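# Residue-level structure breakdown
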Amino acid sequence: MKILKLGLIGHPVEHSLSPWIHTQFMEQAGIEGEYKLYPIEPDVFDEKITALLQSGIDGFNITVPYKQRIISFLDELDPDAAKIGAVNTAVRKNGKWIGYNTDGSGYVRALEQLIPAQESLHVLMLGAGGAARGIYRALVANGYRYVDIGNRTVSKAEQLLQLQEPETITEVLSYEEAQKKLESYDIIIHTSSVGMSPHDHEQIISLANLKPNAVVSDIVYKPIETMLLRSAKQQGATIHHGHSMLLYQAQYAFEIWSGQQVIIGDLLNQLEQRLTEA
Ligand code: ATR
């Protein structure tokens, strides 16, 4: 039987949870395979990646800082990955290397476990970096119509407007403006690294004007419950933790590599336990 050869490239990758996640998926799907870590130093990236692509590996994930740098080594890009300008999943199909971005779609899948997509929902996305690009694209591609973007540097948020669909309505805001009109949003999504350990005490904006029953989502998963989520909880909001994105982006990548559907089930609890113990 053929063994599915998978892995992760990045710098650093040593503490990645992806080998554990994909091992669970392989077991669930009854697939024999491996998911190895490939730490690559930036100065040898070109040689190492060329060798990896020719090594017989079937697919791999790409993490920081190579999500853009990988693109010129691939043969084709999925249209959304091309728009986003970043690839986190590569697959070999009929001898060609194809790049996808499963981060944003994975995020939206995770969010939809909590709140089904509805065109009428008003979303505020905070941050306009690499993670935000993928998430914004996935939101508008999945039919979210009203998605405003708040960012410290407003001009950077404006660059995301290229990713819109014709029906998308997006206002770009400073954090001050976002705080003032917070009660007009049903879903707040935080996509920057503010509040990530060891800066646990930081919070991107004040939630003082939060709409009752809003959903507050944070892609930061270290700590599992960020200051932003704690403050949202205190106000009675529904909260959505960042580690679910990790699982759903991996689920989508696994489907691309194996052609098989896998379920998240209890993996969410197991991952939470691993992160809490780490
Ligand atoms: P990533 O690829 O992880 O999203 P990035 O591309 O460097 O990282 O983007 C970082 C995001 O976090 C940006 O929205 C950035 O705001 P600016 O565009 O104004 O730089 C935001 N960010 C990072 N540190 C921040 C801080 N201390 N306060 C507010 N925003 C911050």
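Quick note: structure is the one above.
Cut-offs and rules
Residues numbered from 1 in each chain as written. Predicted model: local features only at pLDDT ≥ 70, side-chain atom pairs only at ≥ 80, totals over all residues. Heavy atoms only, no water. Salt bridge = Lys/Arg side-chain N within 4 Å of Asp/Glu carboxyl O. Near = heavy atom within 4 Å. Polar contact = N/O pair within 3.5 Å; in protein donor to acceptor, adjacent residues only side chain to side chain. Areas by Shrake-Rupley, 256 points an atom, 1.4 Å probe, with all protein chains shown as cover. Nonpolar A, V, L, I, M, F, W, Y, C, P; charged D, E, K, R; others polar. Phe/Tyr/Trp six-rings, centres within 6.5 Å; stacked < 30°, edge-to-face > 60°. Helix = DSSP H or I, 4+ residues; strand = E, 2+ residues; numbered from the N terminus. Buried < 20%, exposed > 50% of the residue type's maximum accessible area, 1.4 Å probe, protein only. Pairing = 2+ DSSP bridges. Contact = heavy atoms within 4.5 Å.

What follows deals with the pattern of salt bridges. For the structure on display, the rule yields 13 salt bridges. Counted as one network, the salt bridges with shared partners bring together Lys2, Asp58 and Arg92.

The next thing to look at is the site of the ligand. Within the structure, the ligand sits among Gly127, Ala128, Gly129, Gly130, Ala131, Asn151, Arg152, Thr153, Lys156, Ser192, Val194 and Ile204. A distance of 3.1 Å is found between an oxygen atom of the ligand and a backbone nitrogen or oxygen belonging to Ala131. Burial of the ligand by the protein amounts to 61% of the accessible area it has alone, namely 640 Å². Grouping the amino acids of the shell around the ligand by side-chain chemistry returns four nonpolar, six polar and two charged.

With that settled, consider the packing of aromatic side chains. The relation between two aromatic rings is expressed through the spacing of the ring centres and the mutual angle of the planes. All chains considered together, the criterion is met by five aromatic pairs. Ring centres of Phe25 and Phe254 lie 5.5 Å apart, and the angle between their planes is 50°; this geometry places the pair in the tilted category. Of the two residues, Phe25 is situated in helix H1 (residues 18-29) and Phe254 in helix H9 (residues 243-258); the sequence distance between them amounts to 229 residues. Seen in terms of ring centroids, Phe45 and Phe73 are 5.7 Å apart; in terms of plane orientation they differ by 80°. Their pairing is edge-to-face. Remark: Phe73 occurs in the loop between strand E3 (59-62) and strand E4 (76-77) and Phe45 occurs in helix H2 (residues 45-53); sequence separation between them is 28 residues. The exposure class of Phe73 is partly exposed, given its relative accessible area of 22%.

Strand order in the open sheet formed by six strands is E9-E8-E7-E10-E11-E12, and the pairing between neighbours is parallel. The open sheet is flanked by strand E9 (172-173) and strand E12 (238-240), the only strands paired with a single partner. Pairing of strand E7 (residues 122-126) with strand E8 (residues 146-150) involves five bridges; the strand directions are parallel. The partner of Leu126 across the bridge, within E8, is Gly150.

The next thing to look at is the environment of Phe60. Relative to the assigned elements, Phe60 resides in strand E3. For Phe60, a relative accessible area of 0% puts it in the buried group. Taking the C-alpha atoms as reference points, Phe60 and Tyr35, 25 residues apart in sequence, are found 8.3 Å from one another. Those residues within four positions of Phe60 in sequence are excluded, and the remaining contacts are Gly7, Ile9, Ile49, Leu52, Leu53, Ile70, Asn88, Thr89, Ala90, Trp97 and Trp257.

A cis amide bond links His11 to the next residue, Pro12, at an omega of 5°. Along the chain, the position of Pro12 falls in the loop between strand E1 (4-10) and H1. Cis geometry is adopted by the peptide bond preceding Pro65, which originates at Val64 and carries an omega value of 5°. The residue Pro65 is located in the loop between E3 and E4 in this model. Unusually for a residue other than glycine, Asn213 sits at a positive phi of about 70°. A relative accessible area of 67% means that Asn213 is categorised as exposed.

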